[in-house]
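Fold and contact review
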Amino acid sequence: MTDRPTVAVVLAAGLGTRMKSAKPKVMHEVGGRALVMHLLTTLESLGIARTVVVIGPGMDDAAALVAPRPTAIQTERLGTGHAVLQAKDALSGFKGDVLVAYGDTPFVTEATFRKMLAARSAPNAAAVIVLGFEPADPGNYGRLIVGAKGLERIVEAKDATSEERRVRLCNSGIMLIDGSHVWSLLAKVDRNTAKGEYYLTDVVAHARAAGLTCGVVDGEEGELLGINSRVELAEAEILFQSRMRRAALENGATLTDPATVYFSADTKIGRDVEVGPFTVFGRGVEIGDDVTIKGFCHFENARVSSGAVVGPYARLRPGAVVGVDAHVGNFVEIKNSTLEKGAKVNHLTYVGDARVGEGANVGAGTITANYDGFNKSFTDIGKGASIGSNSVLVAPVKIGDGAITGAGAIVRKDVPADALAVSGGKQDIIAGFAAKYRAKKKAEKEARKKS
Ligand code: UD1
Ligand code: CA
């Protein structure tokens, strides 16, 4: 829980023009998670009573994404101050300070938010707390003008004098405002003459004019970079990946070459897991303890149980479940299938919509033909079964426990437990044929040379 009752407003209505995208800015992803969801996940851990997300008209996908959290619609994008006001109705009946965060600044850590909340809980706390930072390049960030009595005002870079521009302390956009003053302060904000927008940042000057104090809490640049373009999105991804790699290492995984391993925000990795180079963890991946992932693997919505060995060059697609001590080898693709304990699928194989029973072995080049152009069907491979190399298992089909299929078999009918299934014609032997054939061909070649 937060010390004082606190509600949050997340601004996400901006068009994100600089992204050059049909998709709203806050829906662009880092680590496979939309920017706004990174922020909401962190806010949730603070114990905030209610979080309202301000979105623009027609941003239905964004509303669906953040649901069941309430959204408020800013019909005209009239600036950050105007945007916060749109959340007022959705917050009526909720008491508390208002924490404003920007959807395009999503990597603020829980610890940093807590520092702000703590500052508001201190005796004689300032009415407005702004999270400031000193970026290497202050560029377009608003500048925090601090005087003898603390923070006096925030000036946008484009409205700043050259002297103000030299101020290195910048506005991250995150602000915590006393709940008993927030709406009256916002009501005082006027339209900025140059840009025609209502600036949230003007709240500071209005608070000072009303005799209230404002303060600054220091933040770190790595958490506070705003994402406005695809270049900044890519930079955020790099920072995020290095955080995830460090966390994986700290939690007891070995990454042979961390810089080549890519994580998603929700990747879960156990202890004593070894991850070889060039591995990508897409969304929804869970890796148990003591798993070995040889390099060059790709995972998405997949689960790997303890002791399993995967790769190199394996692809685990959605619904792949690899059981305890199971093996998935090179150039193997698994989709919507379960490999039970100790099952082995080691070479050049596609397993889709299937179960591979405990201890079963699937030979090189096996294909589960799961799709007939209209429907997907299931292949069930029993415990201890052995599938010969280069088999096609035409689903729906069931291979009983302990059954064997011969190499190159096309299995269209169920195979009972402990039976052998072979297909294709009987093998004929023509003795001496190969030697005669070669002699004939050689003679023909000699004849051609002479003529
Ligand atoms: C804003 C701050 C600036 C600060 C910077 C930090 C203001 C006036 N300026 O500038 O001081 O240094 O963030 O990154 O607040 N939004 C709406 N509705 C609007 C306008 C914006 O919801 O009408 C949302 C955007 O989606 C975005 C956030 O508010 O998530 C910030 O807007 P943006 O236009 O990116 O502000 P900056 O120019 O970056
Ligand atoms: Ca911005």
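Here the structure is shown first, and the text comes after it.
1. Notes on the overall build of the protein
A tally of helices and strands in the protein yields 10 helices and 36 strands. A compact globule built from 451 residues should have a C-alpha radius of gyration of about 22 Å, whereas the protein, at 31 Å, is more than 25% larger. Here the C-alpha coordinates of the protein stretch approximately 105 × 60 × 40 Å along the principal axes. For the protein, the proportion of its 451 residues judged to be buried stands at 46%. Long-range contacts, defined as pairs at least 24 residues apart, comprise 43% of the intrachain contacts of the protein with a sequence gap of at least 6. Within the protein, the 50 negative side-chain charges are centred at a point lying 8 Å from the centre of the 55 positive side-chain charges.

2. Description of a negative patch on the surface
Taken together, the side chains of D272, E274, D289 and D290 define an acidic patch exposed on the protein surface. Note that D272 resides in the loop between β14 (268–269) and β15 (273–275). What makes D272 exposed here is its relative accessible area of 53%.

3. Considering the coordination of the calcium ion (ligand 2)
Coordination of the calcium ion (ligand 2) by the protein comes from D104 (OD) and N228 (OD1), over a distance range of 2.5 to 2.7 Å. Of this pair, D104 sits in the loop between β6 (97–102) and α4 (110–121) while N228 sits in the loop between α8 (221–224) and α9 (230–250), and the two are 124 residues apart along the sequence. Of the residues examined, D104 reaches a relative accessible area of 15% and is grouped as buried. For N228, a relative accessible area of 15% gives the class buried.

4. Concerning the site of ligand 1
Close to ligand 1 lie 22 residues, the nearest being G14, Q74, T80, E156 and N171. In the model, an oxygen atom of ligand 1 is placed 2.6 Å from a nitrogen or oxygen of the E156 side chain. For the shell around ligand 1, the secondary-structure elements that each account for two or more residues are α3 (80–85) and β10 (170–177). Here the residues of the shell around ligand 1 sort into 8 nonpolar, 10 polar and 4 charged.

5. Some thoughts on the pairing of strand β4 (residues 51–55)
Along β4, 5 of the 5 residues are buried, which leaves the element largely enclosed by surrounding structure. Side-chain alternation along β4 places T51, V53 and I55 on one buried face and V52 and V54 on a second face that is also buried. Alignment of strand β1 (residues 6–11) against β4, held across 4 bridges, turns out to be parallel. From the neighbouring strand, V9 faces β4, where its bridge partner is V52. Pairing of β4 with strand β5 (residues 71–73), which is carried by 3 bridges, proceeds in the parallel orientation. If you follow I55 over to β5, its bridge partner there is I73. In this fold, the crossover linking β4 to β5 by way of helix α2 (residues 60–66) has right-handed handedness.

6. Remarks on unusual backbone geometry
The amide bond that connects A67 to the next residue, P68, takes the cis arrangement and shows omega of 5°. Tracing the backbone shows P68 in the loop between α2 and β5. The linkage connecting A395 with the following residue, P396, adopts the cis geometry, with an omega of 0°. Tracing the backbone through its elements, the reader meets P396 in the loop between β32 (392–394) and β33 (397–399). The phi dihedral of N124 is positive, around 55°, even though this residue is not glycine. By the secondary structure assignment, N124 is in the loop between α4 and β7 (128–133).

7. Let's talk about the nonpolar core
Counting 55 residues, the largest nonpolar core has F299 and L316 as the members making the most contacts within it. The dominant element in this core, judged by the number of residues it contributes, is α9, at 5 residues. In this view, F299 contacts T279, V280, F281, G282, V285, I287, I293, V304, V310 and L316; residues no more than four positions away in its chain are not counted.

8. Digging into the packing of aromatic side chains
Following the criterion strictly, the structure yields 8 aromatic pairs and no others. Ring geometry for F133 versus Y141: centroids 5.0 Å apart, planes at 80°, classification edge-to-face. Each of the two residues, F133 as well as Y141, counts as buried. Geometrically, the ring pair formed by F263 and F281 is stacked, given 5.3 Å between the ring centres and 15° between the ring planes. Within this pair, whereas F263 is found in the loop between β13 (261–262) and β14, its partner F281 is found in strand β16 (residues 279–281), the two being separated by 18 residues in sequence. F281 shares its class with F263; the two are buried. An aromatic cluster is built from F278, F296, Y313 and F331, whose rings are joined through pairwise contacts. Seen from the ring of Y262, R245 lies directly overhead, with NZ or CZ sitting 5.0 Å from the centre.

9. A short note on the pairing of strand β26 (residues 344–352)
Bridge count between strand β24 (residues 327–335) and β26: 7 bridges; the pairing is parallel. In the strand pairing of β26, E333 is matched with Y350.

10. Remarks on the environment of G150
Note that G150 resides in strand β9 (residues 150–155). Note: C-alpha distance between G150 and M116 (34 residues apart in sequence) is 15 Å. In contact with G150, other than residues within four places in its own chain, are I145, R208 and C214.

11. Brief notes about the packing of helix α1 (residues 35–45) against α4
Running from amino to carboxyl end, α1 crosses α4 at an angle of 55°, the nearest separation of the two axes being 9 Å. Viewed along their axes, α1 and α4 adopt a mutual orientation that is oblique. Along this stretch, α1 crosses α4, giving a crossing that reads as right-handed. Within the contact between the two elements, α1 uses L39, T42, L43 and S45 and α4 uses E110, F113 and R114.

About the cut-offs
- Residues numbered from 1 in each chain as written.
- Chains lettered and ligands numbered in written order.
- Predicted model: local features only at pLDDT ≥ 70, side-chain atom pairs only at ≥ 80, totals over all residues.
- Heavy atoms only, no water.
- Helix = DSSP H or I, 4+ residues; strand = E, 2+ residues; numbered from the N terminus.
- Rg over C-alpha atoms; globule rule 2.2 N^0.38 Å.
- Buried < 20%, exposed > 50% of the residue type's maximum accessible area, 1.4 Å probe, protein only.
- Contact = heavy atoms within 4.5 Å.
- Lys, Arg positive; Asp, Glu negative; His and termini not counted.
- Charge placed at Lys NZ, Arg CZ, Asp CG, Glu CD.
- Patch = residues over 30% accessible without salt bridge, like charges linked within 9 Å, V, L, I, M, F, W, Y side chains within 5 Å.
- Areas by Shrake-Rupley, 256 points an atom, 1.4 Å probe, with all protein chains shown as cover.
- Salt bridge = Lys/Arg side-chain N within 4 Å of Asp/Glu carboxyl O.
- Donors = N, O, S within 2.8 Å, 3.2 Å for Na, K, Ca; no water.
- Near = heavy atom within 4 Å.
- Polar contact = N/O pair within 3.5 Å; in protein donor to acceptor, adjacent residues only side chain to side chain.
- Nonpolar A, V, L, I, M, F, W, Y, C, P; charged D, E, K, R; others polar.
- Pairing = 2+ DSSP bridges.
- Right-handed = clockwise from strand over helix to strand, strands pointing away.
- Core = buried A, V, L, I, M, F, W, Y, C linked by side-chain atoms within 4.5 Å.
- Phe/Tyr/Trp six-rings, centres within 6.5 Å; stacked < 30°, edge-to-face > 60°.
- Lys NZ or Arg CZ within 6 Å of the ring centre and 35° of its normal.
- Axes fitted to C-alpha atoms, helices over the stretch in contact; angles between N-to-C directions.
- Parallel < 35°, antiparallel > 145°, perpendicular 65-115°, else oblique.
- Left-handed = near helix turned anticlockwise from the far one by under 90°.

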